[in-house]
Amino acid sequence: MLLKSKGKHRRPSKATRIATLAGVTGAAVAVPLMGATSASAASVETWDAVAQCESGGNWSINTGNGYYGGLQFSQSSWAAAGGTQYASRADLASKDQQIATAEKLLDLQGPGAWACAGAGGLTNDGVDPGVNTGSGQAQPERQAEQPTTRSEQRTAPQAEKKAETRKTVTTPTGEKVQKGDGEYKVEAGDTLSSIAQKEGVKGGWSKLFQLNDDIVKDADLIFPGQQLHLK
């Protein structure tokens, strides 16, 4: 994982701590804390090996420990190396975007920025990894309900119109009123009083009106096709 500020980005690796306790100089550590050259670069295979050691190769990992992504960037390191042009955190960026940012960090701080540099054999070898970072921040996942083809784009409004039609009833004047979802379907000639009497609604027409006040706005006006609740 990466250090947050000066030197490496996080606490030293186990190998580094053992070397320090034994009194061995920095030259004995797997990767010396060397300054980077202007040609800093490593292959994708090398970054994969570093990520395998840092995060188990999980490029979208966020365990809540303050380090993100396959190469375990701290937030400050991610920002310092320009990663925020791709995503706010490393775990939200693609693998290629993380590698591109790591290349810049490698140029800034050298292999010693990663405790797992030795495991991956990370060096300033000048090899261009050839990653494709895209045109900017990762695109959010497209919602499933959005139409994706021209055919779907044409049929979507029609489906919405049909759905709306199913929820309304057209009156003789052309006005659309709420259909409702009750168990009784109004027929021509029906009134609230006749329906209440025919269906034995306790409380009569006023109770029926009360039960359906969400679709019946005037007790004297109900329309064929509306579906009224009886209880």
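As shown above, the structure is provided for reference.
Residues numbered from 1 in each chain as written. Predicted model: local features only at pLDDT ≥ 70, side-chain atom pairs only at ≥ 80, totals over all residues. Heavy atoms only, no water.

(A) Molecular detail of the overall build of the protein chain. Looking only at helices and strands, the protein chain has eight helices and seven strands in total. Among the 231 residues that make up the protein chain, the fraction classed as buried is 37%. The long-range share in the protein chain, meaning contacts at least 24 apart out of those at least 6 apart in sequence, stands at 61%. Only carbon and sulfur atoms are counted for the fraction: they give 51% of the accessible area of the protein chain, which is about 13500 Å². (Helix = DSSP H or I, 4+ residues; strand = E, 2+ residues; numbered from the N terminus. Buried < 20%, exposed > 50% of the residue type's maximum accessible area, 1.4 Å probe, protein only. Contact = heavy atoms within 4.5 Å. Areas by Shrake-Rupley, 256 points an atom, 1.4 Å probe, with all protein chains shown as cover.)

(B) Focus on the environment of tryptophan 47. Relative to the assigned elements, tryptophan 47 resides in helix 2 (residues 44-55). Residues tryptophan 47 and alanine 117, spaced 70 residues apart in sequence, show a C-alpha to C-alpha distance of 9.0 Å. What tryptophan 47 contacts, discounting residues up to four positions off in sequence, is Ala42, Trp59, Leu71, Ile99, Ala102, Glu103, Leu106, Trp114 and Leu122.

(C) The nonpolar core, seen in detail. In terms of nonpolar packing, the biggest core is built from 24 residues, with Trp47, Val50, Leu71, Phe73, Ala102, Trp114 and Leu122 touching the most fellow members. Of all the elements in the fold, those that place two or more residues in this core are helix 2 and helix 4 (95-109). It is helix 4 that contributes the most residues to this core, five residues altogether. Counting residues in each nonpolar core, the second largest holds twelve residues, with Ile195, Leu208, Val216 and Ile222 among its members. (Core = buried A, V, L, I, M, F, W, Y, C linked by side-chain atoms within 4.5 Å.)

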